Amino acid sequence: MAKSVPYAGGNDTTRGRGFHTSYRPPDPAGDLADLGFRGEIDSPDPVGRGIHGAGSPGPGRGPQFRGAGPVKVLLIVNPSASSVTARTRIVIQKALSADHRLEVATTTRRGHATRLAQSAANDGMDLVVVLGGDGTLNEAANGLAGTDTALAALPGGSTNVFARTIGLPDDAVEATGALLDAIEAASIRRIGLGAIGDRYFLFHAGIGFDAAVVEQVERRGGLLKRFAGHPLFIAATIDTWVRHYDHRQPAFRVASRSLGETEPTDPAKGVPGVFTVCLNTDPYTYLGTRGLSLVPEATLDTPLAMVTFRSLSPGRLLPVFAGALGIGRATAGSSSSIDVRTDVVEATISASRPVPWQVDGDHLGEATTLSVRHEPDALDLVVPLASAAFG
């Protein structure tokens, strides 16, 4: 087996804080078959044909990202993510290294993936693949925004909202097959990102109630978050509604400007809210196998959508959430207690007291003023073939 050594990429702030592995062409049949990989497994040969998922156009070399030869890939792994195991990680490393020049780095603390991704871009890597949850993926996106290094996702968390939104299977090994097909076909899209201040988000940001829920989940965190998954979020939602967030009166106002509008945002004319979601794409999240779709027309091809809840009254919200899950007819736009704006290019949130905020499921603190914007053409993203995440 290849030897792990300190990752040597980047500057002094990142050098030596992850680990990478260089691989000879492997024979992956045993471990991949044991884990139920459904693609074809090619024997190693001089051109490194590798592994291809069902429906693949067939074996071959990687796409020409920056010139001839294999793609230079950094795989960032969050070993603490909910569904990341040692065996799955080994299988994925073998699969990616069969065709491409692979280095592997593990995260050790919050924010580490951002620095690793920045180093990869500075070192001329073609692609950064993230095996972790939405938080790790968000960090990597922040490190790559504005560069020519592409980002790819592999599901390793408990919900994996973004990976599922772009059409990847929720199983990391199956998703690797889809990713290899996408790399071979050079299926890359330049996408826009949302931003609050200098922090980008891939699929959503939340201000108010949902950020308070995320804060409670992170406080309980650790092994409980890894193994409890969705039940922990449901329990935290109920506990936050009862004890940890004042939802009786609006805490802030949301003023936004959409495409074609010229007047600057005026907080005094904003919509009052107790909870706002800024969507870069839809759905907002997943409950089991169902997406919670608040603004179906929001895609990675469009500016942001802003959904502001004036009230958290269960009687008003439950029909809307049932409709968002596809088991009812009510929609967010049809509710008098919810304001929906689309094609939003900028927004300002002004609060009467500090309110919590989060991006892509990571709690980032409290603020009384937040500036939101849409940043078009910010990031190269490897997307599965026939992804439905675009309009």
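Numbering of residues begins from 1 in every chain and follows the order in which that chain's sequence is written. For a predicted model such as this one, the threshold for reporting local features is a pLDDT of at least 70, and the threshold for listing and counting side-chain atom pairs is 80 or more; totals across whole chains, interfaces and linings nevertheless cover every residue. Water and hydrogen atoms were dropped before computing side-chain values, which therefore reflect all heavy atoms in the structure.

1. Looking at the overall build of the chain
Operational definition: Only DSSP runs of H or I covering at least 4 residues are called helices, and only runs of E covering at least 2 are called strands; the numbering of each starts at the N terminus. Burial classification: accessible surface area is computed with a 1.4 Å probe over protein chains only, and a residue below 20% of its type maximum counts as buried, one above 50% as exposed, and the rest as partly exposed. By definition, residues are in contact when any of their heavy atoms lie within 4.5 Å. Each accessible area is a Shrake-Rupley result for a 1.4 Å probe, and residues are judged covered by the shown protein chains and nothing else.
Check the secondary structure of the chain and you find 10 helices and 19 strands. Buried positions account for 56% of the 391 residues belonging to the chain. Here the analysis covers contacts within the chain between residues at least 6 apart in sequence; of these, 70% occur between residues at least 24 apart. Surface summary for the chain: the accessible area is close to 16,400 Å², and the carbon and sulfur share equals 51%.

2. Considering the environment of proline 155
Here proline 155 is to be found in strand β8 (residues 150-155). Between the C-alpha atom of proline 155 and that of serine 83, which follows or precedes it by 72 residues, the distance is 8.0 Å. Apart from the residues within four sequence positions on either side, proline 155 is in contact with Ser83, Leu131, Gly132, Asn160, Ala163, Pro169, Asp170, Asp171, Ala172 and Ala175.

3. Regarding the nonpolar core
In plain terms, the rule: Residue types Ala, Val, Leu, Ile, Met, Phe, Trp, Tyr and Cys, when buried and joined through side-chain atoms within 4.5 Å, form a set referred to as a nonpolar core.
The biggest cluster of nonpolar side chains holds 62 residues, and the ones touching the most others in it are Leu75, Leu127, Val129, Phe162, Ile191 and Leu202. Broken down by element, the residue count for this core peaks at seven residues, all from helix α6 (residues 172-184). Among all residues touching leucine 75, those that are not within four sequence positions of it are Ile92, Gln93, Leu96, Leu102, Glu103, Val104, Ala105, Val129 and Leu131. By size, the runner-up hydrophobic cluster in this structure holds 45 residues, among which are Ala212, Leu279, Phe309 and Val344.

4. Observations regarding the side chain of serine 337
Our working rule: Polar contact is defined as a pair of N or O atoms within 3.5 Å, subject to the rule that within protein one atom must be able to donate a hydrogen and the other to accept it, and that residues adjacent in sequence are counted only when both atoms are side-chain atoms.
Considering the arrangement of structural elements, one finds serine 337 in the loop between α10 (314-324) and β18 (338-359). Residue classification places serine 337 among the buried residues on the basis of a relative accessible area of 1%. Within the structure, the side chain of serine 337 is placed 3.0 Å from the side chain of serine 335, a separation counted as a polar contact.

5. Describing the packing of aromatic side chains
Two measures describe an aromatic ring pair: the distance that separates the ring centres and the angle between the ring planes. Just so we agree on the cut-off: Only rings of Phe, Tyr and Trp enter the pairing, Trp through its six-membered ring, and a pair is recorded when the two centres are within 6.5 Å. The plane angle decides the type: under 30 degrees is stacked, over 60 is edge-to-face, the rest tilted. By definition here, charges over rings are those cases where NZ of Lys or CZ of Arg is within 6 Å of the ring centre and within 35 degrees of the ring normal.
One pass over the full model with this rule turns up three aromatic pairs. Joined through ring pairs, the aromatic side chains of Phe209, Phe275, Phe309 and Phe321 make up one cluster. Positioned above the aromatic ring of tyrosine 286 is the side chain of arginine 164, whose terminal nitrogen or guanidinium carbon lies 4.1 Å from the ring centre. The ring centre of phenylalanine 390 lies 4.0 Å from the NZ or CZ of arginine 189, which sits over that ring.

So, to be careful, I would describe these as geometric facts and stop short of saying anything about function.
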